[in-house]
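# A structural walkthrough
So the chains spell out like this:
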Amino acid sequence: MLRDKPLSESQLNERHLRLYAALAQIPPGCVMSYGELAQQAGLGRAARWVGRVLAQLPDDSRLPWHRILRADGRLGLPADSPSARKQCERLRSEGVLVENGRVKGFKQDAP
DNA sequence: GCCATGGCTAGTA
DNA sequence: GCCATGGCTAGTA
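Residue numbers here run from 1 along each chain, matching the order of that chain's written sequence. The naming scheme follows written order: chains are lettered A onward, ligands numbered 1 onward. Reporting in this predicted model follows two pLDDT cut-offs: at least 70 for local features of residues, and 80 or more for side-chain atom pairs to be given and counted; totals over whole chains, interfaces and linings ignore these cut-offs and use all residues. Water and hydrogen atoms were dropped before computing side-chain values, which therefore reflect all heavy atoms in the structure.

Chain A appears in an unreviewed UniProt entry as DNA base-flipping protein YbaZ from Ventosimonas gracilis.

Written out as structure tokens, the structure reads:
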């Protein structure tokens, strides 16, 4: 994991590392929900905790946090926030179709 | 007690 | 919308 700054104490434990590892393995153009990521990392139903960890990632993080969505396919952040814009932009640049705050084709899309 | 969650009702059109 | 989850954080003792 490329970093110039040292990890804070809370980011060093096993749970965080498992989460980062699972996140790093999601290929470009693919998306996953908070809950699925928690499962994938072997963290059970810690979906909510996953959201908080992502919120605390540094701005220059290399991890593909933008590939994580709500279970219903919507982006997890308020639509007007800078982070949400960045997420939307990055997803589109990977070929993911985002339509008003929602990834098309994730769990069923409205026709 | 918080939450970048999730799942499952009710209540409307 | 409402309430259950799960781990963390702040604020007392």
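### Re the overall build of chain A
Where we set the bar: Helical segments are the DSSP runs of H or I of at least four residues, strand segments are the runs of E of at least two, and each set is numbered from the N terminus. Here the term buried applies to any residue with accessible area under 20% of the maximum for its type, exposed to any over 50%, and partly exposed to those in between, with areas from a 1.4 Å probe on protein chains only. We call two residues contacting when some pair of their heavy atoms lies within 4.5 Å. Per-residue accessibility takes into account occlusion by the displayed protein chains alone, with areas from the Shrake-Rupley method and a 1.4 Å probe.
Within chain A, the regular secondary structure consists of 4 helices and 4 strands. Mapped from its N terminus to its C terminus, chain A presents α and β elements in the order α-β-α-α-β-α-β-β. Counting all 111 residues of chain A, 34% fall into the buried class. Partitioning the contacts of chain A with sequence separation of at least 6, the portion at a separation of at least 24 is 59%. Carbon and sulfur atoms form 50% of the exposed surface of chain A, whose accessible area is close to 7200 Å².

### A few points about the layout of surface pockets
Spelled out, the test is: Here a cavity is any set of points on a 1 Å grid over the protein atoms alone where a 1.4 Å probe fits but cannot get out, and a pocket is any open set with protein on both sides within 12 Å along at least 5 of 7 lines; a residue lines the site when it has an atom within 4 Å of a point. Grid points are joined across faces, edges and corners, and a volume is the space filled by probe spheres set on the points. Throughout this entry, Asp, Glu, Lys and Arg are counted as charged residues, while Ala, Val, Leu, Ile, Met, Phe, Trp, Tyr, Cys and Pro are counted as nonpolar. The remaining residues, Gly among them, count as polar.
The space that makes up the largest pocket amounts to roughly 380 Å³. Leu54, Ala55, Trp65, Leu77 and Ser83 are, among the 16 residues lining the largest pocket, the residues nearest its centre. At the level of elements, helix 3 (47-55) and helix 4 (82-93) are the ones that each hand at least two residues to the lining of the largest pocket. Broken down by element, the residue count for the lining of the largest pocket peaks at 5 residues, all from helix 4. The class makeup of the residues in the lining of the largest pocket is 9 nonpolar, 4 polar and 3 charged. Of the pockets and cavities examined, the second largest pocket occupies roughly 160 Å³. Taken together, Arg70, Arg74, Leu75, Leu77, Ala79, Ala84, Arg85, Cys88, Val98 and Gly101 form the lining of the second largest pocket. Taken together, the residues that form the lining of the second largest pocket break down as 6 nonpolar, 1 polar and 3 charged.

### Quick word on the environment of glycine 101
With respect to the helices and strands, the residue glycine 101 is situated in the loop between strand 3 (98-99) and strand 4 (102-103). A relative accessible area of 25% places glycine 101 in the partly exposed class. The spacing of glycine 101 and histidine 66 is 35 residues in sequence and 13 Å in space, taken between C-alpha atoms. Leave out the neighbours within four places in its chain, and glycine 101 touches Gly73, Arg74 and Leu75.

### Side note on the pattern of salt bridges
So the rule is basically this: Every case where a carboxyl oxygen of Asp or Glu lies within 4 Å of a side-chain nitrogen of Lys or Arg is listed as a salt bridge.
Using the criterion set out here, one finds 2 salt bridges in the structure. Residue glutamate 99 pairs with lysine 104 through a salt bridge whose shortest N-O separation is 3.9 Å. Looking at lysine 104, the relative accessible area reads 35%, which means it is partly exposed.

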